[in-house]
Structure formats: C-alpha cells, structure tokens
Amino acid sequence: REAVRLNAAEITEVSVADIEGKIAAIFCNGGDEAFVKVSLDQNSLEFFKKSLHLVKDDLDRLLIWRVFWDMTRDTKISALEFLEVVNSSLPPETNPGHILNVLKYCGVAARSYIPVGSYREECHKLFQLLWGMLQTAEGQDVKQNLFNKAVSFAADIEDLKLIIEWFDNKPTITDFKIDQSQRWEVLTKICESADISETEKKERLRAENDRDKSDEAQRMTGTCRVAFPTVEGKKSAWEDLLNKDSKDSSYIYIAKMRGFIRMTQVDLIKPYVDLFFQELPKIKKNKSKHFFEYFIWLMSPTYVPDESIASRLKEYMDTLTSEEDASYKRFIQEAIDDFNREFKAKQLSIAYKNNNKKE
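Criteria and cut-off values
Residues numbered from 1 in each chain as written. Predicted model: local features only at pLDDT ≥ 70, side-chain atom pairs only at ≥ 80, totals over all residues. Heavy atoms only, no water. Helix = DSSP H or I, 4+ residues; strand = E, 2+ residues; numbered from the N terminus. Rg over C-alpha atoms; globule rule 2.2 N^0.38 Å. Buried < 20%, exposed > 50% of the residue type's maximum accessible area, 1.4 Å probe, protein only. Contact = heavy atoms within 4.5 Å. Lys, Arg positive; Asp, Glu negative; His and termini not counted. Charge placed at Lys NZ, Arg CZ, Asp CG, Glu CD. Expected span 1.5 Å × (residues − 1). Salt bridge = Lys/Arg side-chain N within 4 Å of Asp/Glu carboxyl O. 1 Å grid on protein atoms, 1.4 Å probe; cavity = no way out; pocket = protein on both sides within 12 Å on 5 of 7 lines; lining within 4 Å. Points joined across faces, edges and corners; volume = space filled by probe spheres on them. Nonpolar A, V, L, I, M, F, W, Y, C, P; charged D, E, K, R; others polar. Polar contact = N/O pair within 3.5 Å; in protein donor to acceptor, adjacent residues only side chain to side chain. Disulfide = S-S within 2.5 Å. Axes fitted to C-alpha atoms, helices over the stretch in contact; angles between N-to-C directions. Left-handed = near helix turned anticlockwise from the far one by under 90°.

Peer 1: Whenever I open this one, the overall build of the chain confuses me. Can you help?
Peer 2: When helices and strands are tallied, the chain shows 16 helices and zero strands. Taking 359 residues into account, the globule formula puts the C-alpha radius of gyration at 21 Å, and the chain, at 23 Å, falls close to it. Principal axes of the C-alpha set define a box for the chain whose edges measure 75 × 60 × 40 Å. Residues classed as buried in the chain amount to 47% of the 359 residues present. Considering only contacts in the chain between residues 6 or more positions apart, those separated by 24 or more positions represent 70%. Between the mean site of the 53 positive side-chain charges and the mean site of the 60 negative ones, the chain shows a separation of 4 Å.

Peer 1: Hey, could you run me through helix H5 (residues 119-136) in this one?
Peer 2: Because an α-helix packs 3.6 residues into every turn, residues spaced three or four apart end up facing the same way. An ideal rise of 1.5 Å per residue puts 26 Å on 18 residues; H5 measures up with 27 Å between its terminal C-alpha atoms. Here H5 has its buried residues at Tyr119, Glu122, Cys123, Leu126, Phe127, Leu129, Leu130, Trp131, Met133 and Leu134. Where H5 is buried, its residues contact helix H3 (79-89), helix H4 (96-113), helix H6 (140-152) and helix H7 (157-167).

Peer 1: Help me out: how do you make sense of the side chain of Thr221 in this one?
Peer 2: By the element assignment, Thr221 lies in helix H10 (residues 215-227). Here Thr221 is in contact with Trp184, Leu205 and Asn209, once residues within four sequence places are set aside.

Peer 1: Teacher, can you tell me more about the pattern of salt bridges here?
Peer 2: A side chain with one charge may pair with a side chain of the opposite charge, provided their charged atoms come close. As enumerated under the stated definition, the model contains 29 salt bridges in all. A salt bridge links Arg61 to Asp58, with the nearest nitrogen and oxygen atoms 2.7 Å apart. Here Arg61 pairs with Asp58, and both are found in helix H2 (residues 58-73), just three residues apart, close to one helical turn. Under the relative-accessibility criterion, Arg61 is labelled buried at 5%. Put simply, Asp240 and Lys256 hold a salt bridge, and the shortest N to O gap is 2.5 Å. Separated by 16 residues along the polypeptide, Asp240 in helix H11 (residues 231-242) and Lys256 in helix H12 (residues 250-260) bring together distant segments of the chain.

Peer 1: I keep staring at the layout of surface pockets and nothing clicks. Help me out?
Peer 2: A water-sized probe, rolled over the atoms, reveals where empty space remains. Roughly 1,700 Å³ of volume is contained in the largest pocket. Around the largest pocket, the lining is made up of 49 residues, and of these Arg111, Arg258, Ile261, Trp297 and Leu298 lie nearest the centre. It is helix H16 (residues 326-358) that provides the largest number of residues to the lining of the largest pocket, a total of eight residues. Here the residues of the lining of the largest pocket are counted per class, giving 22 nonpolar, 10 polar and 17 charged.

Peer 1: Help me out: how do you make sense of the side chain of Arg262 in this one?
Peer 2: Tracing the chain through its elements places Arg262 in the loop between H12 and helix H13 (271-286). Overall, the relative accessible area of 15% leaves Arg262 in the buried class. At a separation of 3.1 Å, a polar atom in the side chain of Arg262 contacts the main-chain carbonyl oxygen of Arg258. Every residue in contact with Arg262, bar those within four places of it in the chain, is listed here: Thr188, Glu192, Thr223, Ala227 and Ile269.

Peer 1: What should I look at first to understand the state of the cysteines in this one?
Peer 2: By definition, a disulfide is the covalent link that joins the sulfur atoms of two cysteine residues. This model, assessed by the stated rule, comprises zero disulfides. Here Cys191 is not cross-linked by a disulfide; its sulfur's nearest cysteine counterpart is in Cys224, at 4.2 Å.

Peer 1: Explanation requested: empty space enclosed by the protein in the structure shown.
Peer 2: Counted according to the given criterion, the structure contains one cavity of 30 Å³ or more. Residue contributions to the lining of the largest cavity peak at three residues, all from H13. Taken together, the residues of the lining of the largest cavity break down into nine nonpolar, no polar and no charged.

Peer 1: How should I be thinking about the packing of H11 against H12 in this particular structure?
Peer 2: Two elements in contact, H11 and H12, have axes separated by 11 Å at closest approach and are oriented at 145 degrees. Two packed elements cross with a definite hand, and for H11 against H12 that hand is left-handed. In contact with Lys234, Ala237, Trp238, Asp240 and Leu241 of H11, H12 contributes Tyr253, Lys256, Met257, Gly259 and Phe260. When grouped by side-chain class, the residues that make up the contact of H11 with H12 number six nonpolar, one polar and three charged.

Right under this line is the structure:
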C-alpha cells in the first residue's frame, strides 16, 4: 500500500514504476482515509470483477463494492455488468454487512437501471444466486436477508414455486422459518404473478387475513389486491386512489400505490402513463400534499424508456409558480432527476448487452 499526497489541482499524476512486483490492480483510498469518490481504471476493473474475493481486508473489500456501485450509478459501467460482478463475487463474500449492502444495490439495479426486456432474465439469475447461497448460509440474519431479496427477485414461476413451499410451511431448510411480514411479501408476489389463478390468489389472501388481524394485514391486503395482473383490477385501483372522497389513511393509500407499478406488468399499465399526466393538476387540487408526494414517488412512469417523460414532468412543474408550490416543484424535480439517471443507465445496459451479443 502506497501513501500519496494529492495536489491542489484537478489531476494528480502518480507513477507506479518504482513499486516492486507486478501490479494486478490499483485501488485508491484504501482504508477509507479520504472523503473522495473513486473510479477504477479498466485493468483494475477487470481484475476486481474476477478476483474481489482475494481482497482480504474487510474495509477495502467494502469500499471496492461501493466503487462498483458508484460507477454503476454514474453510468461508467452498466448495471448488467454490475450484476455480473455480483453473480461471480457475492457467493464467496463472508461479511454479512457487505452482503446486505450489495443486495440493496441489486434491488435498485434490477428495478431501475436495466431495460424492462431484461428484467425477468436478470431477476431469475439473482434469485438462483441467492437461493443457492441460502442453502449454505450461516446465521439467522444472513438467511433473513437472503430470503427477503430472493422473494423480491421471484419473477419466474419456477422460482415463485420455491418460495411458495416456505409459505405453505414446507421449508427446504429446517432451521429457518419465515415471519409474518415475509409471508405478506411472498403473498404479494403470488398476487402479482400472471401464472397463478385468480381463484387461488383470492383464497390465499382470505386465509392470510383469517390468520393475521394486524394493521400490517390491512396495508398488505391493499398492496396485494392492487398487484393483481388484470385490466379490471388496475382500473379499479386507479379510480379508488384518485377518488377525492376516499377515506383511506395515508398508510393504506401508500400501500395501494406500492402494488400498482410492477415491472412484470409494464404492458398492462401502459394506459396509465398519459393518465398520470392528465391527473396531476386534479391531484394537487383535490388531495393532500402528502398524497401528491407519494403519487409522484411511487406512480411516476419513470420506468418508461422515453425521454418525453422528463419533459412532460418539467412542463407541468413550470406551471407551478406560487411560493406555496416550492415543495411540489421539489417532488417533481426529484422525479425528473431519477428518470434522467435511470434512462441513461438503461441505455448503457442496452449497449452493453448488444456489444456482448456481437462478441
């Protein structure tokens, strides 16, 4: 490890010619001693993609994981490339905290930074990865985190069948049981799936409500019902959410919003892209600021790979001119920023996938 003093300039050139031995990779800020954002050169990137597990220092390994993620968010590498690193380097990771952090990154990458057409394939890879790790994991916390994320990536019916076994109290690991919150997450995925009959979904939902009488059950029932993949169900949910006379608490309407946009149902919710923009002025007029904030956060069509989404959001934002509108404008600007980052990341992932096909 070499100590380097940075110059008060944009670039500090460092010579590695005098360092003994062959240099496999260069990582700046080992030990996290400086408040800086780090990127990797191409040679170091390729080395750590294959050999991250060789970095024995826990802190340095955590920092390198973070560099991979920062480079993904900054579109210096594609989210598909990041997920390749995860598939090769997460199984040998031994630090539970590192695993949890990487799983959080994976959730954002799959949901927001890859094209919709790659969503099911990448989720299946992640599910299989985590399911395999779960079989040999040690410690209840690690198992809980692996199971939670495996559920979130269960977009394929064969993957879903595996987590349903746990839901039906037929676990493949005898010393690990799922709790009530996890049962609701599994049930949400069941309700989202187009491969499971509506009759089975409704029966499971009824049985779970008989089992659980908590406030969580009320919220999650709202999420589950809105997640049903039917034209009628989405239409009913949309009308229910926008009803100006609705008596739903904030907990309930947020729960319903969480069930509406599902990445496996993008074709089903296409009609609601234009409706979203048509309804924004009415929502601002008829609903609370809190409702408006969550509607922008959870219902904005930022998943649509069309640059006009950002311009339409800005067009509406520019109509908000009073001082009282400052917070509304902030909500919209955040959605625009999110869209721009996601759009750029998806375009990079498409290019990366196309380049790999050519090779």
